[in-house]
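Topology and contacts: notes
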Amino acid sequence: GEQVYYALPEPWREIIANVGGEFIPLPEELQLRRSSRQAHLSHDTRISILPYAMADQAPRVVPGLVSLVHALAPDCLVFNELDLCARLLARLTGIRAVGFRTFHGLAHRIPSAPSRAGALLAFTQEAERTFAQFATEHGLGSLGEVRSEVIDPTIVFVAEVFQADRQAFDDRYVFVGPSL
């Protein structure tokens, strides 16, 4: 009986309609953009700089997301715990957050910074500066603080018995098993 909104790019409309959710088209200006500057990088390197790419784009994306969420007035926000912009949205709006974790990695492991040299070093440093300015203006904390915060609760889509280093997960993590 709950109303569930999904704010996503247009290609998701049919999928969301098929599961009974209410599709909210996410305007292009509120979507994260892929940079052609990173096309030559390996998959692993692109993954390792993803937090920096989100941090770099947060000042452009997050204010519009705040407006969108205020217009919808949801009771809570549910998002992938790796989504930096969603974490910022929860902090800025004060709306209850529920994280979901779709992987079985270690509890408090923050991926190490990518091997940074040359253009990659310049990109990550600029992203850190951009984020720091935005975070300071909005009282959000450092990039490391925002990324490492455990959302309470965080739903884990892994059976508890299969979770590596299970003892490191406290009662903020709710194990529900795999999503099918």
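Anyway, here's the lowdown on the structure attached to this text. (Residues numbered from 1 in each chain as written. Predicted model: local features only at pLDDT ≥ 70, side-chain atom pairs only at ≥ 80, totals over all residues. Heavy atoms only, no water.)

Notes on unusual backbone geometry
For residues other than glycine, phi is negative in most cases, and the peptide bonds are mostly trans. Between Asp152 and the following residue, Pro153, the backbone shows a cis peptide bond with an omega angle of 5 degrees. In this structure, Pro153 sits in the loop between helix 5 (143-148) and strand 5 (154-156). The phi dihedral of Ala73 falls on the positive side, at around 50 degrees, and the residue is not glycine. Tracing the backbone shows Ala73 in the loop between helix 2 (43-72) and strand 3 (76-80). In this model, Asp165 sits at a positive phi of 55 degrees, which is unusual for a non-glycine residue. On the secondary structure map, Asp165 appears in the loop between strand 5 and strand 6 (173-175). (Helix = DSSP H or I, 4+ residues; strand = E, 2+ residues; numbered from the N terminus.)

Concerning the packing of helix 2 against helix 4 (residues 118-138)
Put simply, helix 2 and helix 4 touch, their axes get as near as 9 Å, and they point 35 degrees apart. The element helix 2 and its partner helix 4 pack so that their crossing is left-handed. Facing helix 2, whose interface residues are Thr45, Ile49, Tyr52, Ala53, Ala55, Asp56, Ala58, Pro59, Val62 and Pro63, helix 4 presents Leu120, Phe123, Thr124, Ala127, Glu128, Thr130, Phe131 and Phe134. (Axes fitted to C-alpha atoms, helices over the stretch in contact; angles between N-to-C directions. Left-handed = near helix turned anticlockwise from the far one by under 90°. Contact = heavy atoms within 4.5 Å.)

Here we look at the pairing of strand 1 (residues 5-8)
In summary, the side chains of a regular strand alternate between the two faces of the sheet. One ladder, built from four bridges, connects strand 1 with strand 2 (residues 22-25); its direction is parallel. Its bridge partner being in strand 2, Leu8 is matched across the sheet by Pro25. What joins strand 1 to strand 2 is helix 1 (residues 13-18), and the crossover it makes is right-handed. (Pairing = 2+ DSSP bridges. Right-handed = clockwise from strand over helix to strand, strands pointing away.)

Points about the pattern of salt bridges
Using the criterion set out here, one finds six salt bridges in the structure. The salt bridge involving Glu10 is made with Arg13; its shortest N-O contact spans 2.5 Å. Taking relative accessible area as the criterion, Glu10 reaches 42% and is therefore assigned partly exposed. Notably, a salt bridge pairs Arg101 with Glu81, separated by 2.6 Å at the nearest N-O pair. With a gap of 20 residues between them, Arg101 in strand 4 (residues 96-101) and Glu81 in the loop between strand 3 and helix 3 (84-93) connect regions that are remote in the sequence. Both residues of the pair, Arg101 and Glu81, belong to the buried class. (Salt bridge = Lys/Arg side-chain N within 4 Å of Asp/Glu carboxyl O. Buried < 20%, exposed > 50% of the residue type's maximum accessible area, 1.4 Å probe, protein only.)

Focus on helix 4
For helix 4, which comprises 21 residues, the first-to-last C-alpha distance of 31 Å matches the rise-based estimate of 30 Å (1.5 Å per residue) to within 8%. Inspection of helix 4 places Leu120, Phe123, Thr124, Ala127, Thr130, Phe131, Phe134 and Ala135 among the buried residues, and these make up the whole buried set. Taken end-on, helix 4 shows its buried residues confined to a sector of 130 degrees, consistent with a single buried face. In helix 4, the exposed residues that point more than 90 degrees away from the buried face are Gly118, Gln133, Thr136 and Glu137. Here the buried face of helix 4 lies against helix 2, helix 3 and helix 5. Immediately beyond the C-terminal end of helix 4, within one or two residues, lies Gly139, with a positive phi of roughly 60 degrees. (Expected span 1.5 Å × (residues − 1). Arc of directions from axis to C-beta.)

What about the packing of helix 3 against helix 4?
With their axes 12 Å apart at the nearest point, helix 3 and helix 4 run at an angle of 15 degrees to one another. Between helix 3 and helix 4, the crossing angle belongs to the class labelled roughly parallel. The hand of the helix 3/helix 4 crossing is left-handed. Of the residues in helix 4, those in contact with Leu84, Leu88 and Leu92 of helix 3 are Phe131, Phe134 and His138. (Parallel < 35°, antiparallel > 145°, perpendicular 65-115°, else oblique.)

Focus: the pairing of strand 3
As defined by bridge partners, strand 3 adjoins strand 4 across five bridges and the pair is classed as parallel. Each residue of the ladder has a partner; that of Phe79, found in strand 4, is Gly99. On the question of chirality, the crossover connecting strand 3 to the parallel strand 4 by way of helix 3 is right-handed.

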